[in-house]
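What follows is the residue order along each chain.
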Amino acid sequence: MTEDRIDKGDPTALLEEVRRLAIELHPRRRRARAVSLESSLDRDLGFDSLSRVELLLRLQRRFGVSLPEQLFASAETPADLWQALLERGAARAQGPQQGKPETPAEVLAALDSAPATATTLPEILDWHVSRHPDRPQVYLYQDSDQPQSITYAQLAQGAQAIAAGLQARHLQPGQAVCIMLPTSADYLFCFLGILLAGGVPVPIYPPMRPSQIEDHLRRHFGILDNAQTVLLITVPEARNVARLLQAHVSRLRDVTTPQELSAAGGALRETPAQADDVAFLQYTSGSTGQPKGVILTHANLVANIRAMGDAVQASSTDVFVSWLPLYHDMGLIGAWLASLYFGMPLVLMSPLAFLTQPARWLWAIHRHRGTLTAAPNFAFELCLSKIERDEIAGLDLSSLRMAFNGAEPVSPNTVRRFAERFADYGLPAGTLAPVYGLAESAVGLAFPPQHRGPLIDRIERQTFESSGRATPVAANDSQVLEFVACGQPLPGYQIRIVDNAGRELPDRQEGRLEFQGPSATSGYLRNPEATARLFDGEWLDTGDLAYIAGGDVYLTRRVKDIIIRGGRNIYPYEVEEAVGDIAGIRKGCVAVFGTPDPVTGTERVVVVAETRETQAQARDSLRRAAESLATDLLEMPPDEVVIAPPHSVLKTSSGKIRRAAVRESFEAGQLGQQPAAVWWQVTRLALSSWRPRIRQATRSVSSTAYAAYAYLVLALIAAPVWLLVALLPRARWRFAAAHFGARLLLWLGGVRLQVETAQR
């Protein structure tokens, strides 16, 4: 596409591009044709997250500028886009970091060893600082094509400044501190700083879309309350939003910023951590229910990092390239903390940088000669669908030795197509590595052998759905299910497959996946019921169904996602992926779930698929296409197919479909309801905050009144009793007076006294 000049007085070209995309998305929608600078991207034009990605990509190509990543989430109208174009008009895009390759691994000397004796994260940092303080640990890309280099010494200095500021705000050892920050140097400093101050970090994701602010914050209320968070660290722009959290969380006493903490000054008091101390709380993404706080100690993290390193033979000569969010275990532990431990450089960019221009990820691998990288399946799919050939001319991926695909179901089609397309750009055969892990194991649990590549198992559909037996089929058989091998247990870990009675099952028989290992969590914070369900004796129940074949683990689905219809087990992933491929259906925005049918005693199968179409005829055509395809795959018609507007299929922060939440919305008749205006969402949250505030105020007044009353009673009783004790001639009388005074004080104070085993 030819590059247009930005005329400071005429946004016609911008509106033309917005109108063109809007008509493509909604050919029958009248509002899509009447685009103005004040049109709402959400309400008037129907742009969802993926539409915004596409729009920003088109604008960058047409005008030859690099737009700020935050525009993806913050832009509400074309006027916001126009203002960004005017501000960036002089800064022509050079392509996503297509520079001369840099090889930090060759510039930096290889380390002779890793901190093998360290037992905590602060000890790991100290080990590196004492030996090579000026060695770069992170190359951080933010608003420039040139990365910010952060050395081990700078990490330590930044963390110490944050720690001193936290202690100045009276943070006590073991107290939880919430981090609500974007990917930045401040995030790294704050995470380590909380540990140095003796606190427990609680990462949560910052608000992305204003239109979803209410749902976002309500999910965070429970997290902060469960963790008993006392401080929240965020950016200045989010302070007002954070105040809404503070109003609902009684123990949250302050909201601050990294800049305020660093400026506090003062000396840092040493609070050495122990291996069994809690290193941080990883709240599960909540795809099947409310988020639960996984307790992870320093010993858990160090053990898991070492096991993953052994499995992939990680060393200081590796270069890890990541855009994964630091509030998610895959980005925090798998990318950053693992690279911190092994002394390898981490090339780090924000998730928004990837979403707005997926080619940046691949060019960062090219430029820094990355050897390791990781992403969920959708990221590999996004590269296939959104990257044009001219964007990656000259790309060289030959340095990669492992690209991990995890955190969500791995699609056989995605890994096949990605390997085929990018082989032309030097991607070595066997680089793609589907893996399996979960927060309850820190992050990693099963990794494949190096250089093997994806292993795809083709099995008989009917046999598997009726009995759970994974029987291989011939290559020409069309009635098949395909599952991707997610590797073998990490060194020191064990995996088994069991039935509902806890009996271990043979190979190729589906059952519940349980594990043991040195990084297994001790449970969920302040949630004894969920913790009890997690453990099966010494084994931990992952909540996933799988089978083992040839030593490899094949994940089939989540236990809670199972649909039982007429004695058959129905698998949602395959139907969701196939329906998502229908033209007009939003890919990745399809949910298949079961809902109880009291009449038949089995479950009704419901398919919910998002579309941008608004015309009844077009939506009916999509419904029939989805119903036909689902019938072919399930060999029975679904009970209901719902064609819903964007944002109906709810997702977690990591992109997993929240099927339980979608089912609840469907059963409540609320599916497809548009979110309220942002101002009304904020107003509702503010109004709802009065209830906890009134409770807090009532407790405070009651406590103060009781304290005043107790001191008054003590003053009235203490003087006479003291005089009696001083004046009475016999010890027995003095003891009786003191005894009576103490009993009277407790009675008037409402304190119930109960004495047990008095004879002892």
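Above: the structure in question.
Residues numbered from 1 in each chain as written. Predicted model: local features only at pLDDT ≥ 70, side-chain atom pairs only at ≥ 80, totals over all residues. Heavy atoms only, no water.

Remarks on the overall build of the protein chain
Of the regular secondary structure elements, the protein chain holds 25 helices and 27 strands. For the protein chain, with 760 residues in total, the buried portion stands at 55%. Relative to all contacts within the protein chain whose residues are 6 or more apart in sequence, the contacts with residues 24 or more apart total 71%. Accessible surface for the protein chain amounts to roughly 33,000 Å². Of this, 53% is attributable to carbon and sulfur atoms. (Helix = DSSP H or I, 4+ residues; strand = E, 2+ residues; numbered from the N terminus. Buried < 20%, exposed > 50% of the residue type's maximum accessible area, 1.4 Å probe, protein only. Contact = heavy atoms within 4.5 Å. Areas by Shrake-Rupley, 256 points an atom, 1.4 Å probe, with all protein chains shown as cover.)

Brief notes about the environment of Val249
Within the secondary structure layout, Val249 lies in the loop between α10 (239-248) and β6 (254-256). For the pair formed by Val249 and Val230, sequence separation is 19 residues and the distance between their alpha carbons is 9.0 Å.

Considering a nonpolar patch on the surface
Residues Tyr706, Tyr709, Trp747, Leu748 and Val751 make up a contiguous nonpolar surface patch of roughly 530 Å² in combined accessible area. Listed by contribution, the elements that provide at least two residues to the nonpolar patch are α24 (690-727) and α25 (731-748). Position of Tyr706 relative to the elements: it lies in helix α24. Owing to a relative accessible area of 42%, Tyr706 belongs among the partly exposed residues under this scheme. (Patch = residues over 30% accessible without salt bridge, like charges linked within 9 Å, V, L, I, M, F, W, Y side chains within 5 Å. Salt bridge = Lys/Arg side-chain N within 4 Å of Asp/Glu carboxyl O.)

A closer look at unusual backbone geometry
Here Gln228, not a glycine, exhibits a phi torsion of approximately 50°, which is positive. For Gln228, the position within the fold is in the loop between α9 (213-227) and β5 (229-234). According to the relative accessible area criterion, Gln228 is partly exposed, its value standing at 27%.

Brief notes about helix α12 (residues 298-312)
In a regular helix each residue adds 1.5 Å, so 15 residues correspond to 21 Å; α12 covers 21 Å between its end C-alpha atoms and thus fits that length. Counting buried positions along α12 yields eleven of 15 residues, so the element is predominantly enclosed. Taken residue by residue, α12 has His298, Asn300, Leu301, Val302, Ala303, Asn304, Ile305, Ala307, Met308, Gly309 and Val312 as its buried positions. (Expected span 1.5 Å × (residues − 1).)

So, the pattern of salt bridges
Evaluated as defined, the whole model comprises 28 salt bridges. Measuring nitrogen to oxygen at the nearest pair gives 2.9 Å for the salt bridge that ties Glu482 to Arg416. Remark: Arg416 occurs in helix α17 (residues 412-422) and Glu482 occurs in strand β16 (residues 480-484); sequence separation between them is 66 residues. Judged by its relative accessible area of 22%, Glu482 falls in the partly exposed class.

Quick look at helix α20 (residues 572-580)
Judged by how many residues are buried, α20 sits mostly within the fold: seven of nine residues are covered. Of the positions making up α20, those classed as buried are Pro572, Tyr573, Val575, Glu576, Ala578, Val579 and Gly580.

Examining the packing of aromatic side chains
Enumeration over the complete set of coordinates arrives at 18 aromatic pairs. Three or more aromatic residues joined by ring pairs make a cluster, and in this case those are Trp323, Phe354, Trp361, Phe378, Phe380, Phe418, Phe422 and Tyr425. It is Lys292 that lies over the ring of Tyr524; its NZ or CZ is 5.3 Å from the centre. (Phe/Tyr/Trp six-rings, centres within 6.5 Å; stacked < 30°, edge-to-face > 60°. Lys NZ or Arg CZ within 6 Å of the ring centre and 35° of its normal.)

Without other data, these values stay purely geometric and don't point to any function.
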